[in-house]
Amino acid sequence: MPVTKMMHHVSCKSNRAFPLPSSSSSSLKGPLQPFSLFKPKSIGQGGSSLNTTSFRYLHRRRQIPQLCRMVDDNVMINVSNNSNVINSSSCTSHILKKNTLPTKSQLYFSTTICHGHDHDNMNALANHSTSETLSTITDNDNYPKRTTNSKTNHQDKNEISPENLILIHPETYDPIKTQQNILKAAQWNQGTGSQGKWNPKFCHEAVTAYIHHLQYLLSLKNNVHPSEKDGDQEQDQKHNQQQDLDDSLLLIQRAKQTLLSSHTAERALKAMIKMNLDTHHLSKSVRNLERLIGNIAMTPLTDRLSLRLLEANGKAGNIGRTISLLNLRKVKGYKPIPKEFQYAIQSIVSAGLYLRKNRNVFLREDQQPEIDNPTRWLDAILVNMSDRGVELDTKMANQMLDCYCSTGRSGKALHFFYKISREYVEDGKNDSVVVDDRDAKEDFVVVQGNEENNGTSQNIKSQMPVFENRKAKVRMKMRQHMPPYYKLPSEIKLNGDLVKRPNREELISRLKWEKEKDFSLSLTAAFAFADSLTHGACGHRPIQLDLTSWNILIKACCYRGALWRAMEILNDILPNNGIRPDTFSYNTILAGLARVGDKDFMRDMFTTMTNANIALDKYTIQALVDGYLNAGDISGAVTLVQDMFNQHHILPPYTTHLKIIEFALGNELLYEAKRQVYFIQQLWKYTPKPSDSKEFQRIMYLTQRNPKLSKSSLQRLFAYFGEELTDQDFF
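Residues numbered from 1 in each chain as written. Predicted model: local features only at pLDDT ≥ 70, side-chain atom pairs only at ≥ 80, totals over all residues. Heavy atoms only, no water.

Draft legend 1. The overall build of the protein chain, seen in detail. Within the protein chain, the regular secondary structure consists of 26 helices and eight strands. Buried positions account for 54% of the 731 residues belonging to the protein chain. If you sum the accessible surface of the protein chain, you get close to 33,700 Å²; carbon and sulfur atoms cover 49% of it. (Helix = DSSP H or I, 4+ residues; strand = E, 2+ residues; numbered from the N terminus. Buried < 20%, exposed > 50% of the residue type's maximum accessible area, 1.4 Å probe, protein only. Areas by Shrake-Rupley, 256 points an atom, 1.4 Å probe, with all protein chains shown as cover.)

Below, the structure is given as C-alpha cells:
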C-alpha cells in the first residue's frame, strides 16, 4: 500500500504519535520500539467486526419445527415441561430419549447454527403457556454485520474454541477439581483478597479445563443416544455396550450437579470475563461456550445465569444476543434491574471498538457500517424497559446518547498531516548513506548522508530498528498543504461563515451545511434521538437534557467534523438553557480543532476559556499540544508546555512529553528534542511549595518517578532515532 494512505495523525486516544507495536502484527525488531511504522496496518474497509466467522451465514435457510424458534446470533432457547428438547447443531431436530432428561418443567438453552434470515419482529414474542416451548425471537438484522478480517481467520491462542479442543480421557476426568477452579477463578483476585493480585492466566486455565470437560460430557451424551445406524447392529453387540452406556448415563446425571449446574455455568462466564481477552476474542469465546452448553442441553437457565449471559455478551459486543436475552427475561417475568440494560448498552459500545480502531475514513457516511447509527438497538432497549415498567432516567439516557460517539471519528473530523518513512543505513565505512528500498512498495524520499552523522557509535546503531536485516532511521515528513479551508473554522470566519461544498458551486453557511441530513447520518440520528428523549421516547416520560447530555452531543459533533454545530451548543444552546459549560465542553472542541490543525482558532478558544474562569486540566494542554504538532510547530509545542507549567502549574499526560520528543527527532530537530529533555529534568528537580495543591504535588511525585521519563528511557528513545543523548546533556 502506498505510504500516502498510511499517514498517521495525532491520536488523543493513544496519546502517542506512534503507537507501540504488537508482537503479532509487526515484524519490526530492535531493542526499543516506541512506534510501529515499518509494516503499517492497512486501513480496513469499515465494519464493526468483532467476530468474523461465527456471524457469517454459510448455508441457506432451512425450516425449523414448530417446537422451537430460531434466535439470531446462532442461539436457540427452549422451555419445555416434557422430555423432548430440541438440540440441533445443523438445523435438524434431534429428540433426546425420555430417560435422559428430567420430567419437571425446567428451562434449558440449546444452540443451533442460524442459516439465513429470520424476518420475525424481534419484539413479537409468542404468548405460550408454561406447557409450551418458549423462545426469544430477534431479527438477524438487529446486530451489525461483521466484516471479514484476514488477521482473525486463524485461531488465536487466547481464543477458546470448543471445536479445536482435545477431549480429555476418562482417567483425567475430574469434575470436582474443575468446578473448584472455576469457583476460585470467578472470585475477586481469585480468592486472595486485597493482598493478592489478579491472575488472568489462572482464569484462562480454569475455563479451558472446564471447556475440555464439557466437550467430554458432550461426547458421552452423543454415545448414550445411538444413531439409526447403531439400531441395525446385532443384539449381542448392543448388549456388550449396554454397561458402558449405563456408566456414561450415570456420569452425565452426576455432572448435572457439578459442571452442568446453573451456578457453575454462571461462574464460568464470570471467570471468562476475567481472562482479560480482547473484545473480538471474548465475543467468540462466549459464543462458543454457550454453544457447547446448549448442545449438552442439561443446564437450567435461571435468573442469575441469564443476567451473567447478558453481562458476558454485552462486554463481548454481541448486540443481537443481548437484545434476545432482554426479551427472554421479559417473557420469563424476571425482575428487571438497571444493570441488565446497562449491559445491553455496553454491547453497542463494545461492538463499536473495531470501528474506532479500523474505520475506513475514505468511505462516505452512507457507506459506513450500520453500527455507526445504533438507533434501532437503543429503541429496542427502550421498548423492553417500558414493557417491564423500568423508568428511564437522565443517567441511562446519557449512556445511550454516548453510543453515537462509540465508533470514533469520521473522515470529516480528521486530516493526515505527515507520513512516516524509513531511511536504510548500510553497514560499511560510511554508515550515513541512505538507501531507497523500492521493494517495500512505499514512497520514500532519498536523503543523502552528511558528514555530521558519520560518527554514529556502534552502541547507537545497535539500538536502531532493524527491517529486512538492515538498520533503518525513522523519519517524519510533514505534508506541505493544510486541510481544506471548509474544515478550518479560522478560515471560514474570514469568509463570512460561508463555504462552498465539494462538487457544488453555491455558497452556504457552514452551520447550515452541518445541520443537513446528508452531512452526517449518524449525527442527524443522534440529535433526533436526543430530541425524542425530551418528548418521551417509546412510552417513557420526557426527560430534561443536562450538561452531560449536551457535552455528549458536542463530542458527537466533533467526531463527525461539525465544529460549528458544536460551538453553537457551547455559545448559544447552553446559555439559553441556563447551563454553564465546563472544562469537558471546551476540551472536546479543542481536541476537535487539534485534529484539523487549526492552531489560530485554538488560541482564541483557549483565551475564551480562561476569560470565563473555566478550570484547565491536563487534557486541555494535551489538546493544545496536539494542534501545534499537527500544524508542524514543534518549537511552539515545547514552549507551550513550559508556559502552562510556569503560569498555571498544569502538566499534560506523560505521553505528551514523549510525543513531542518523537516529533522533534522524526523531523531531525535535535535541538527541540533536547529542549524538551531539559524541561523534564527541571521537573525532576522541582521541590513542591506549601502553596501547591495536594493534587499538583501528587502529579509531580508521579512524574518525577515515572520510569518512561527516566534518563535511561530517554537515552533509548534518542538511540532509536539514531541520535545520542550523552551524560553532558543532563545536569
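Draft legend 2. Spotlight on the packing of helix 5 (residues 262-273) against helix 6 (residues 279-296). Interhelical geometry of helix 5 versus helix 6 gives an angle of 165° and a closest axis separation of 11 Å. In terms of orientation, helix 5 and helix 6 fall into the roughly antiparallel class. Judged by the twist between their axes, the crossing of helix 5 over helix 6 is right-handed. Along the contact surface, helix 5 presents Ala 265, Leu 269 and Met 272, while helix 6 presents Leu 282, Ser 285, Val 286, Leu 289 and Ile 293. Partitioning the contact of helix 5 with helix 6 into residue classes produces seven nonpolar, one polar and no charged. (Axes fitted to C-alpha atoms, helices over the stretch in contact; angles between N-to-C directions. Parallel < 35°, antiparallel > 145°, perpendicular 65-115°, else oblique. Left-handed = near helix turned anticlockwise from the far one by under 90°. Contact = heavy atoms within 4.5 Å. Nonpolar A, V, L, I, M, F, W, Y, C, P; charged D, E, K, R; others polar.)

Draft legend 3. The packing of helix 17 (residues 547-559) against helix 19 (residues 583-596), seen in detail. Axis separation between helix 17 and helix 19 bottoms out at 9 Å; the angle between their running directions is 0°. Regarding the angle of helix 17 to helix 19, the classification is roughly parallel. In contact with Leu 547, Asn 551, Ile 554, Lys 555 and Cys 558 of helix 17, helix 19 contributes Phe 584, Ser 585, Thr 588, Ile 589 and Gly 592. In terms of residue class, the contact of helix 17 with helix 19 is made up of five nonpolar, four polar and one charged.

Draft legend 4. Quick look at helix 1 (residues 175-185). Regarding helix 1, the residues found buried are Pro 175, Thr 178, Gln 179, Ile 182 and Ala 185. Mapping the buried residues of helix 1 onto a view down its axis gives an arc of 130°, with all of them on the same face. (Arc of directions from axis to C-beta.)

Draft legend 5. Here's a closer look at the pairing of strand 6 (residues 470-478). In terms of burial, strand 6 is a largely internal element, seven of the nine residues being buried. Pairing of strand 5 (residues 466-467) with strand 6 involves two bridges; the strand directions are antiparallel. Among the inter-strand pairings, Val 466 is bridged to a residue of strand 6, identified as Lys 471. Once strand 5 ends, the chain turns through two residues before running back antiparallel as strand 6, passing Glu 468 with a positive phi of about 55°. (Pairing = 2+ DSSP bridges.)

Draft legend 6. Focus on the state of the cysteines. Enumeration over the complete set of coordinates arrives at zero disulfides. Of all cysteine sulfurs in the structure, the one in Cys 557 sits closest to Cys 558, which takes part in no disulfide; the separation is 6.8 Å. We classify Cys 558 as buried; its relative accessible area is 4%. (Disulfide = S-S within 2.5 Å.)

Draft legend 7. Up close: the pattern of salt bridges. Following the criterion strictly, the structure yields 32 salt bridges and no others. Between Arg 329 and Glu 340 there is a salt bridge, and its shortest N-O distance comes to 3.1 Å. Of the two residues, Arg 329 sits in helix 8 (residues 319-332) while Glu 340 sits in helix 9 (residues 338-351), which places them eleven residues apart along the sequence. You'll find Arg 329 and Glu 340 in the same group, each marked buried. Between Asp 633 and Lys 599 there is a salt bridge, with the nearest N and O atoms lying 3.1 Å from each other. One end of the pair, Asp 633, is in the loop between helix 21 (618-630) and helix 22 (634-648); the other, Lys 599, is in helix 20 (residues 599-611), and 34 residues separate them in sequence. In the salt-bridge network here, residues are joined through shared partners; they are Glu 266, Arg 267, Arg 304, Arg 308, Glu 311 and Lys 315. (Salt bridge = Lys/Arg side-chain N within 4 Å of Asp/Glu carboxyl O.)

Draft legend 8. Region of interest: the pairing of strand 3 (residues 418-425). Where burial is concerned, most of strand 3 is hidden: seven out of the eight residues are buried. Taken together, the eight bridges between strand 3 and strand 6 define a ladder with antiparallel strand orientation. In the strand pairing of strand 6, Glu 423 is matched with Lys 473.

Draft legend 9. Inspection of unusual backbone geometry at higher detail. With a phi angle near 65°, Asn 469 is a residue other than glycine that sits in the positive phi range. Tracing the backbone through its elements, the reader meets Asn 469 in the loop between strand 5 and strand 6. A relative accessible area of 74% means that Asn 469 is categorised as exposed. With phi around 60°, Glu 668 is a residue other than glycine that occupies positive phi space.

Draft legend 10. Local environment of the packing of aromatic side chains. If you walk through the whole model with that rule in mind, you get 16 aromatic pairs. Arranged with centres 5.9 Å apart and planes meeting at 75°, the rings of Tyr 485 and Tyr 486 form a pair that is edge-to-face. Ring-pair connections join several aromatic residues into one group, and the members of that group are Tyr 485, Tyr 486, Trp 513 and Phe 519. For Arg 565, the ring lying beneath its charged end belongs to Phe 527, and the centroid distance is 3.8 Å. (Phe/Tyr/Trp six-rings, centres within 6.5 Å; stacked < 30°, edge-to-face > 60°. Lys NZ or Arg CZ within 6 Å of the ring centre and 35° of its normal.)

Draft legend 11. Local environment of the nonpolar core. In this structure, Leu 214 and Ile 381 are the most contacted members of the largest nonpolar core, which totals 158 residues. Broken down by element, the residue count for this core peaks at eleven residues, all from helix 2 (residues 200-224). Beyond its immediate stretch of four places on either side in the chain, Ile 381 contacts Ile 323, Leu 326, Phe 341, Ala 344, Ile 345, Ile 348 and Met 400. (Core = buried A, V, L, I, M, F, W, Y, C linked by side-chain atoms within 4.5 Å.)

Draft legend 12. Spotlight on the confidence of the model for the protein chain. Summing up the model confidence of the protein chain, the mean pLDDT is 75 and the portion of residues at 70 or higher is 70%. When pLDDT is averaged over each element of the protein chain, helix 17 comes out on top at 96 and strand 1 (residues 75-80) at the bottom at 34. Contacts for the low-pLDDT stretch residues 1-154, under 50 throughout, to residues beyond four places or in other chains number 410 contacts. Considering only residues more than four positions removed or in separate chains, one finds that residues 428-455, a stretch of pLDDT under 50, has 45 contacts. (pLDDT = per-residue confidence, 0-100.)

Draft legend 13. Summary view of the environment of Phe 341. Inspection of the secondary structure assignment puts Phe 341 in helix 9. The spatial distance from the C-alpha of Phe 341 to the C-alpha of Met 385 is 7.9 Å, given a sequence separation of 44 residues.

Draft legend 14. Local environment of the environment of Ala 380. Inspection of the secondary structure assignment puts Ala 380 in helix 11 (residues 375-387). With a relative accessible area of 4%, Ala 380 lands in the buried category.

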